[in-house]
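Structural overview for review
Each chain is listed here by its residues.
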Amino acid sequence: MRSCLKLAGVAVLALMVAACDEQKEAQQSDASAQQQPQATPVGTVTLEAQTVGLIEEMPGRTVAFRKAAVRPQVDGIIKERNFTEGAFVEAGQQLYMIDQAVYMAELDAAQAELAKQRATLDQTTKTRKRYESLVKTQAVSEQTFDDAISAEAQAKAAVAAARAQVDQARINVEYTTVTAPISGQISSSDVTEGALVTANQTEALTTITQLDPIYVDVTQAGGRLMKIKQAIQNGRIQGVENGKIEVALIIDATGVEYPHTGTLQFSDVSVNETTGTIRLRAVFPNPDGVLLPGMFVRGQVRQGKLDGAFLVPQKAVMRRPDGTAYVYTIGDGKVVSKDIQIEQSQGENWVVTDGVSDGEQLIVDGIQRIAPGAPVTAQPVENANAGQGAAQGSAQ
């Protein structure tokens, strides 16, 4: 009987020990589960390498293609004004008529003097020819013959001088008709009929401005322009044929894009010492006269295409105190920090040329809740901004 009781006690004790071991194992597994961090859900987009059109937006102003101040070239009284203020005038069109009575008289006098000198030349020429045959027979002295030759030469010079006076008088007569030096829009007239004007006076009679085509001057950081030129030369940026760079235009007053496209013509050879910028000049067609000199505009300079670039949403990019940019991607279910190289901004995206690769999962939402090495769960989101940017880049 006692042996049976001892065996029962040993069995109960064994069951109690086994139950305690199972309870400890369960507690240890629960503790280890609590110590392991939970994966944080984050919004991601898949990066895709593509060809991106580089568009640099620059502030600028419109400048007249040509501008001519009309001034008189002879003295006199304005007799007529032959144009409508503000109208379009053609090159060579008569604008003013200056009283030409004095200049016509001077022309007549010059022509009379020319006729006189021609008569004198004719007489000296006949004398020289007559003496030329007589000197051979020593009917006249050689000195007399030399004097005849000299007189003929002086008469020729007098004729040339008289002819020049006629030309000058004729030019003065022509200058009494003031014509348009260029075609364009003419401004108001600063003189009226009866006004006295003088040759090459400081005050202009009127001004003519050519508006079609028209220049647009924009400014860009000097260092940025140098990088673009180097990238074009080494082939990193494509799509610039024979240095021809297209420019689109947005009018600041209305915010509307100008319907015509211009072409970059040249860049200044020096950088502004105050602002560190360089001036670029583009030429635009202006058939309807929409653009007027002095208007504020924004030029969108299309500086070629960049292959193998990525459009990264700006909200996914962070910066360190030293200015270097980086993003978070997912690798093996954990957050990976990657430094990136930014080319320029485009809409709500950054154009990234280095630091990320095709097909990577870029974290765009939930960045504040994670750190490098933290486990995360990718939740793809629609990257509307990147898609829009890609479409713009492909269209260029």
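Let me begin by describing the structure that accompanies this report. (Residues numbered from 1 in each chain as written. Predicted model: local features only at pLDDT ≥ 70, side-chain atom pairs only at ≥ 80, totals over all residues. Heavy atoms only, no water.)

Some remarks on the pattern of salt bridges
Counted under the stated rule, the structure contains 12 salt bridges. With its nearest N and O atoms 3.5 Å apart, the salt bridge here joins Lys126 to Asp122. Residue Lys126 and its partner Asp122 are both found in helix α2 (residues 101-134); the two are separated by 4 residues, about one turn of the helix. Relative accessible area serves as the criterion here: at 49%, Lys126 is assigned to the partly exposed category. Accessibility expressed as a relative area gives 40% for Asp122, which makes it partly exposed. Linking Asp167 and Arg170 is a salt bridge whose minimum nitrogen-to-oxygen distance equals 3.5 Å. On the criterion of helical spacing, the pair formed by Asp167 and Arg170 is a turn pair, its members being 3 residues apart in helix α3 (residues 142-175). (Salt bridge = Lys/Arg side-chain N within 4 Å of Asp/Glu carboxyl O. Helix = DSSP H or I, 4+ residues; strand = E, 2+ residues; numbered from the N terminus. Buried < 20%, exposed > 50% of the residue type's maximum accessible area, 1.4 Å probe, protein only.)

Re α2
Helix length check: α2, at 34 residues, gives a terminal C-alpha distance of 50 Å against a target of 50 Å (1.5 Å per residue), a fit within 8%. On its buried face, α2 is in contact with α3. (Expected span 1.5 Å × (residues − 1). Contact = heavy atoms within 4.5 Å.)

Quick look at the environment of Val159
Along the chain, Val159 falls in helix α3. Looking at Val159, the relative accessible area reads 5%, which means it is buried. Remark: the alpha-carbon pair of Val159 and Arg118, spanning 41 residues in sequence, is separated by 5.8 Å.

Observations regarding the pairing of strand β5 (residues 94-98)
Counting buried residues along β5, 4 of its 5 residues qualify, which places the element largely inside the surrounding structure. As paired strands, strand β3 (residues 76-81) and β5 are joined by 3 bridges and run antiparallel to one another. Pairing of Glu80 across the sheet is with Met97, part of β5. (Pairing = 2+ DSSP bridges.)

A short note on the nonpolar core
The nonpolar side chains of a soluble globular protein tend to be buried, and buried together. Of all hydrophobic cores here, the largest spans 28 residues; its most connected members are Val89, Leu95, Tyr96 and Ile208. Contributions of two or more residues to this core are made by β2 (50-70), β5, α2 and α3. Ranked by residue count, the leading element in this core is α3, at 6 residues. Among the nonpolar cores identified, the runner-up in size contains 17 residues, and Val216, Val247, Ala282 and Phe284 belong to it. (Core = buried A, V, L, I, M, F, W, Y, C linked by side-chain atoms within 4.5 Å.)

Describing the packing of aromatic side chains
This structure, assessed with the given rule, holds 4 aromatic pairs. Between Phe65 and Tyr215, the aromatic rings sit 4.8 Å apart at their centres with planes inclined by 35 degrees, giving tilted as the arrangement. On the criterion of sequence distance, the pair formed by Phe65 in strand β2 and Tyr215 in strand β9 (residues 206-221) is long-range, its members being 150 residues apart. Take Phe65: its relative accessible area is 25%, and that puts it in the partly exposed class. You can call Tyr215 buried: its relative accessible area is 13%. Measuring from ring centre to ring centre gives 5.4 Å for Phe83 and Tyr96, while their planes differ by 80 degrees; the resulting arrangement is edge-to-face. Separated by 13 residues along the polypeptide, Phe83 in the loop between β3 and β4 (88-89) and Tyr96 in strand β5 bring together distant segments of the chain. The class for Phe83 is buried, based on a relative accessible area of 7%. Judged by its relative accessible area of 0%, Tyr96 is buried. Over the aromatic face of Phe83 sits the side chain of Arg81, whose NZ or CZ is 5.3 Å from the ring centroid. (Phe/Tyr/Trp six-rings, centres within 6.5 Å; stacked < 30°, edge-to-face > 60°. Lys NZ or Arg CZ within 6 Å of the ring centre and 35° of its normal.)

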